[in-house]
Amino acid sequence: MAEIKKMIGALEKLDARNMYNNDFLLTWEKSDDEIAAVFQVADILRKMREDNISPKIFKSGLGISLFRDNSTRTRFSYASACNLLGLEVQDFEEGKSQIAHGETVRETANMISFMADVIGIRDDMYIGKGNAFMREFAQYVQEGFDEGILEQRPTLVNLQCDIDHPTQSMADMLHIIHHFGGVENLKGKKIAMTWAYSPSYGKPLSVPQGVIGLMSRFGMEVALAHPQGYDLMAETEEVAKKNAAASGGKFTKSHSMQEAFKDADIVYPKSWAPFAAMEKRTNLYGDGDHDGIKALEKELLAQNAGHKDWECTEDMMKLSKNGSALYMHCLPADISGVSCKEGEVAASVFDRYRVPLYKEAGFKPYIIAAMIFLSKTKRPEKVLSEILKKDRKRWTK
């Protein structure tokens, strides 16, 4: 318990007061202390579970799960996080709701929030829609609370939108912190966030945008690379530039995977769709133009096929720092010769990093739990200390 007490002491020095009764939508909306507090609480919760201490702060309540896209890791990470803190999870399936009958966002937001403590939303498919939907949803939840409809105001957690994937980038960052032995060791480290070939199209931009928007806050050199035409949202690049300048780091952009990989300490090769194409797809869906969507898909697959050399191969890895950079991916990766004929990463590279990749994914449940914990406890360090004193066993061995 001495280690956990020390971790709680470090948490007490961070100012995370504004996270109380607040949502988590974009990492760059949070202060440095608030980001650090999420990491600290995530590590404390993980250590408590390792030591068989139950960190449940709820005796009842719901964690509502609203996924508008398919998911494995984030869906189960959210369910695990809610369960860890004592909440039951209820999936909200729009296809089985009254939305098909014209139910408004205002009504839905209030009707699913009775006795709910947190609402996790994933809405990443359409540019200009996902994050806007989350903010509209949060506005109506707040309105319901202010009008006395809801006894409590549920916290909204962004489980991926069109702009950011905060639970993923935060889990990635905590993995990096542990790998390099502490946040103090990250200054000057180079991370290559690069596009990689995929035989599919339409992958969200939120992972690379989340990575450059967060990693640039730690004094690191963030090297973004992609083929011509595969641009990210301009505003997220501006966030990265601003963060890099403030942290003493560096943000660069090129159209060369080799240049980005050169002397990189961390590599993150990941496919995504061009911003302009995703914007066009959003408009086509809005217009119900199914023929236009099919034509766009064909065009984008052909465009991707022209960049099959953007693959994380053994030769590409040799360009990195000492030929042994930390390889990262949000998963699932398109593995050449395994999940597809040609893809993002060579099978030998992926297999060598498989265990670290799975460990990287394992940080996400604790990151989500920490976001919920900090939004529901006014003095998190005090609550954690009380949990420690009670020493409630999670299960009897």
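Right, let's get into the overall build of the chain. Counting secondary structure elements, the chain contains 16 helices and eleven strands. On C-alpha atoms alone, the chain measures out to a radius of gyration of 21 Å, which is about the 21 Å that the 2.2 N^0.38 rule sets for 397 residues. In terms of overall dimensions, the chain has a C-alpha envelope of 55 × 55 × 45 Å along the principal axes. Out of the 397 residues belonging to the chain, those deemed buried represent 56%. Across the chain, every contact between residues at least 6 apart in sequence was considered, and the portion connecting residues at least 24 apart equals 82%. With the model as given, the accessible surface of the chain reaches about 17500 Å², and the carbon-plus-sulfur share is 49%. Mean positive and mean negative side-chain charge positions of the chain (52 and 56 charges, respectively) differ by 6 Å.

The subject of this paragraph is helix H1 (residues 2–12). For H1, the set of buried residues is Ile4, Met7, Ile8 and Leu11. End-on view of H1: buried residues confined to an arc of 100°, all on one side of the axis. In H1, the exposed residues that point more than 90 degrees away from the buried face are Ala2, Lys5, Lys6 and Glu12. Residues of H1 that are buried sit in contact with helix H2 (32–50) and helix H16 (380–390).

Below, the discussion takes up the sheet that holds strand E1 (residues 62–67). In spatial order, the strands read E2-E1-E3-E4; together these four strands make up an open sheet with parallel pairing. A single partner strand is all that each edge strand has here, and the edge strands are strand E2 (88–91) and strand E4 (155–161). Each strand axis lies, on average, 20° off the axis of its neighbour in the sheet, ignoring direction. Here E1 pairs with strand E3 (residues 116–123) via six bridges, running parallel. Across the sheet, the residue bridging to phenylalanine 67 is arginine 122, located in E3.

Applying the stated criterion across every chain yields a total of six aromatic pairs. Judged by centre distance (6.2 Å) and plane angle (70°), the rings of tryptophan 195 and tryptophan 310 are edge-to-face. Taken as a pair, tryptophan 195 in the loop between strand E5 (190–194) and helix H7 (206–215) and tryptophan 310 in the loop between helix H11 (290–305) and helix H12 (314–318) lie far apart in primary sequence, 115 residues in all. With a relative accessible area of 7%, tryptophan 310 lands in the buried category.

All right, on to the pattern of salt bridges then. The full count for this structure, using the stated rule, is 19 salt bridges. For the salt bridge of lysine 253 with glutamate 237, the shortest nitrogen-to-oxygen distance reads 3.1 Å. A residue pair is termed long-range when its members are at least 10 positions apart, and lysine 253 in strand E7 (residues 250–254) and glutamate 237 in helix H8 (residues 234–247) qualify at 16 residues. Classification of glutamate 237 as buried rests on a relative accessible area of 8%. Between lysine 393 and aspartate 391 there is a salt bridge whose closest N-O contact spans 3.6 Å. Looking at aspartate 391, the relative accessible area reads 27%, which means it is partly exposed.

Bringing the sheet that holds strand E6 (residues 221–225) into the picture now. Strand order in this open sheet of five strands is E7-E6-E5-E8-E9, and the pairing throughout is parallel. Both edges of this open sheet fall to E7 and strand E9 (326–327), since each of them pairs with a single strand only. Here strand E8 (residues 266–269) runs beside E9; their pairing, made up of two bridges, is parallel. When the bridges of E9 are listed, valine 267 appears paired with tyrosine 327.

What follows is about helix H15 (residues 364–376). Residue pairs three or four apart in sequence face the same way in an α-helix, which turns once every 3.6 residues. In this model H15 runs 19 Å from its N-terminal to its C-terminal C-alpha over 13 residues, within 8% of the 18 Å that 1.5 Å per residue would give. Burial analysis of H15 places 13 of its 13 residues in the buried class, the great majority of the element.

Cut-offs and rules
Residues numbered from 1 in each chain as written. Predicted model: local features only at pLDDT ≥ 70, side-chain atom pairs only at ≥ 80, totals over all residues. Heavy atoms only, no water. Helix = DSSP H or I, 4+ residues; strand = E, 2+ residues; numbered from the N terminus. Rg over C-alpha atoms; globule rule 2.2 N^0.38 Å. Buried < 20%, exposed > 50% of the residue type's maximum accessible area, 1.4 Å probe, protein only. Contact = heavy atoms within 4.5 Å. Areas by Shrake-Rupley, 256 points an atom, 1.4 Å probe, with all protein chains shown as cover. Lys, Arg positive; Asp, Glu negative; His and termini not counted. Charge placed at Lys NZ, Arg CZ, Asp CG, Glu CD. Arc of directions from axis to C-beta. Pairing = 2+ DSSP bridges. Axes fitted to C-alpha atoms, helices over the stretch in contact; angles between N-to-C directions. Phe/Tyr/Trp six-rings, centres within 6.5 Å; stacked < 30°, edge-to-face > 60°. Salt bridge = Lys/Arg side-chain N within 4 Å of Asp/Glu carboxyl O. Expected span 1.5 Å × (residues − 1).

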